[in-house]
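# Understanding the architecture of this molecule
The residues making up each chain are set out below.
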Amino acid sequence: MRFGRSPKPTVPPEWIVVGLGNPGPEYRGTRHNVGFEVVDRLSERHKVKLDRSKHSARFAIGKIGETSVLLLKPMTYMNLSGRAVAPFAREYGIAPDRILVVADDLDLRLGRTRLKPSGSAGGHNGHKSLISSLGTTEYPRLKIGIGASEGQTIEHVLGAFKGDEREIIHAAIERATDGVEAVVNQGLDSGMNLVNIG
């Protein structure tokens, strides 16, 4: 009698790493989508395919180092991001201090990165939605500077990086990705030491 292989059990995630952005090809490579780019980079580095869909999100569960992590990209558009994140937090019993959110920040100069254990929405619609859905501001966030707008904010955040900006933001995305790896394996202090430079 022959038996098929049992499916490999999935280790429950210890962290949720959320990249904020807008779905659709028209938003790919825009300033508002750097959070998506960090999650995509983590997916590439650790060979964790974002090929599952639930709760209006693309997600995957896999290992970053020795830590089981749920990688998450809300497909709700930015201002409803919390509606995608909160159900996963409830389903897996993940506390807010283990939900690391990666997003763009207008108030940071282009390419600068900052990791904080908590904070306000700071005018960011994705964070506003998360705070509303999670019921707290006490979740860590990794900010990637996209530079201040010289004109209309909406046009700025939904615009693509120009010329030399792309090289600067690529370096920031790599540093942010390193920071996420440090946080989930060694803790927030290690991540902050790596990310909060310059």
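Residues numbered from 1 in each chain as written. Predicted model: local features only at pLDDT ≥ 70, side-chain atom pairs only at ≥ 80, totals over all residues. Heavy atoms only, no water.

## Observations regarding the overall build of the chain
Applicable threshold: Helix and strand assignments follow DSSP, with helices taken as H or I runs no shorter than four residues and strands as E runs no shorter than two, numbered in order from the N terminus. The globule rule is 2.2 Å times the number of residues to the power 0.38, and the radius of gyration it is compared with is taken over C-alpha atoms. Burial here depends on accessible area, computed with a 1.4 Å probe over protein chains only, as a share of the maximum for the residue type. Under 20% is buried, over 50% is exposed, and the range in between is partly exposed. Any two residues whose heavy atoms approach within 4.5 Å at even a single point are treated as in contact. Calculation of accessible area relied on Shrake-Rupley with a 1.4 Å probe; when residues are assessed, cover is drawn exclusively from the protein chains displayed.
Secondary structure summary: the chain contains six helices and seven strands in total. When the helices and strands of the chain are read in sequence order from the N terminus, they spell out β-α-β-β-β-α-β-β-α-β-α-α-α. The C-alpha radius of gyration of the chain comes to 17 Å, within 12% of the 16 Å expected for a compact globule of 198 residues. Dimensions along the principal axes, computed over C-alpha positions, put the chain at roughly 70 × 30 × 30 Å. Taking all 198 residues of the chain together, the buried fraction comes to 49%. Partitioning the intrachain contacts of the chain with sequence separation of at least 6 by distance along the chain shows that 69% fall at a separation of at least 24. Carbon and sulfur atoms make up 49% of the accessible area of the chain, which amounts to about 10100 Å² in all.

## Some points on the packing of helix 5 (residues 165–186) against helix 6 (residues 188–195)
Rule in force here: Orientation is described by axes fitted as lines to C-alpha atoms, over the contacting stretch for helices, and by angles from 0 to 180 degrees between their N-to-C directions. Relative orientations are named as follows: roughly parallel for angles under 35 degrees, roughly antiparallel for angles over 145 degrees, roughly perpendicular for angles from 65 to 115 degrees, and oblique for any other angle. Helix crossings fall into two classes, left-handed where the near helix is turned counterclockwise from the far one by less than a right angle and right-handed where it is turned clockwise. In the scheme used here, Gly and all other residues not listed as nonpolar or charged are polar, with Ala, Val, Leu, Ile, Met, Phe, Trp, Tyr, Cys and Pro taken as nonpolar and Asp, Glu, Lys and Arg as charged.
For the pair helix 5 and helix 6, the least separation of the axes is 7 Å and the interaxial angle reads 160 degrees. As summarised for this structure, helix 5 and helix 6 are arranged roughly antiparallel, according to the angle between their axes. Read as a crossing pair, helix 5 and helix 6 show a hand that is right-handed. Contact residues: Arg-175, Asp-178, Gly-179, Ala-182, Val-183 and Gln-186 in helix 5; Leu-188, Ser-190, Gly-191, Leu-194 and Val-195 in helix 6. Here the residues of the contact of helix 5 with helix 6 are counted per class, giving five nonpolar, four polar and two charged.

## Here we look at the nonpolar core
Note the cut-off: Only buried Ala, Val, Leu, Ile, Met, Phe, Trp, Tyr and Cys residues count toward a nonpolar core, and they belong to the same one when joined by side-chain atoms within 4.5 Å.
Ranked by size, the top nonpolar core spans 28 residues in total, and within it Val-17, Val-38, Leu-71, Leu-142, Ile-144 and Val-180 carry the most contacts. Counting residues per element, this core draws most heavily on helix 5, which supplies seven residues. Residue contacts for Leu-71: discarding those within four places in its chain leaves Val-17, Val-39, Leu-42, Ser-43, Val-48, Leu-50, Arg-58, Phe-59, Ala-60 and Ile-64. Listed in part, the 21 residues of the second largest apolar core include Ile-16, Val-18, Ala-84 and Ile-99.

## Some points on the pattern of salt bridges
Applied cut-off: Salt bridges are defined by distance alone: a side-chain nitrogen of Lys or Arg within 4 Å of a carboxyl oxygen of Asp or Glu.
Evaluated as defined, the whole model comprises 10 salt bridges. Asp-40 is paired through a salt bridge with Lys-73; the nearest N and O atoms lie 2.8 Å apart. Taken as a pair, Asp-40 in helix 1 (residues 34–46) and Lys-73 in strand 4 (residues 67–74) lie far apart in primary sequence, 33 residues in all. Under the relative-accessibility criterion, Asp-40 is labelled partly exposed at 27%. The structure contains a network of salt bridges with shared partners spanning Arg-41, Glu-44, Arg-45, Glu-174, Asp-178 and Glu-181.

## Focus: the environment of Glu-26
Topologically, Glu-26 is positioned in the loop between strand 1 (15–19) and helix 1. Look at Glu-26 and you get exposed, because its relative accessible area is 52%. For the pair formed by Glu-26 and His-156, sequence separation is 130 residues and the distance between their alpha carbons is 14 Å.

## Side note on the layout of surface pockets
For the record, the criterion: Grid spacing is 1 Å over the protein atoms alone, the probe is 1.4 Å, and a cavity is where that probe fits but cannot get out, while a pocket is an open set with protein on both sides within 12 Å along at least five of seven lines and lining residues have an atom within 4 Å of a point. Grid points are joined across faces, edges and corners, and a volume is the space filled by probe spheres set on the points.
In this structure, the largest pocket spans a volume of roughly 470 Å³. At the level of elements, strand 5 (99–105), helix 3 (125–134), strand 7 (141–145) and helix 4 (153–157) are the ones that each hand at least two residues to the lining of the largest pocket. If you tally residues by element for the lining of the largest pocket, the top one is helix 4, at three residues.

## Some words on the environment of Thr-30
Quick reminder of the rule: Pairing of N or O atoms within 3.5 Å defines a polar contact, subject to two protein rules: one partner must be a possible hydrogen donor and the other a possible acceptor, and residues neighboring in sequence count only if both atoms are side-chain atoms.
If you trace the backbone, Thr-30 turns up in the loop between strand 1 and helix 1. On the basis of relative accessible area, Thr-30 is assigned to the buried category, the value being 3%. On a C-alpha basis, the gap between Thr-30 and Phe-161 in space is 6.4 Å, while along the polypeptide they are 131 residues apart. When sequence neighbours within four positions are dropped, the list of residues in contact with Thr-30 reads Val-157, Leu-158, Gly-159, Ala-160 and Phe-161. Side-chain polar atoms of Thr-30 contact the backbone oxygen of Tyr-27, separated by 2.7 Å.

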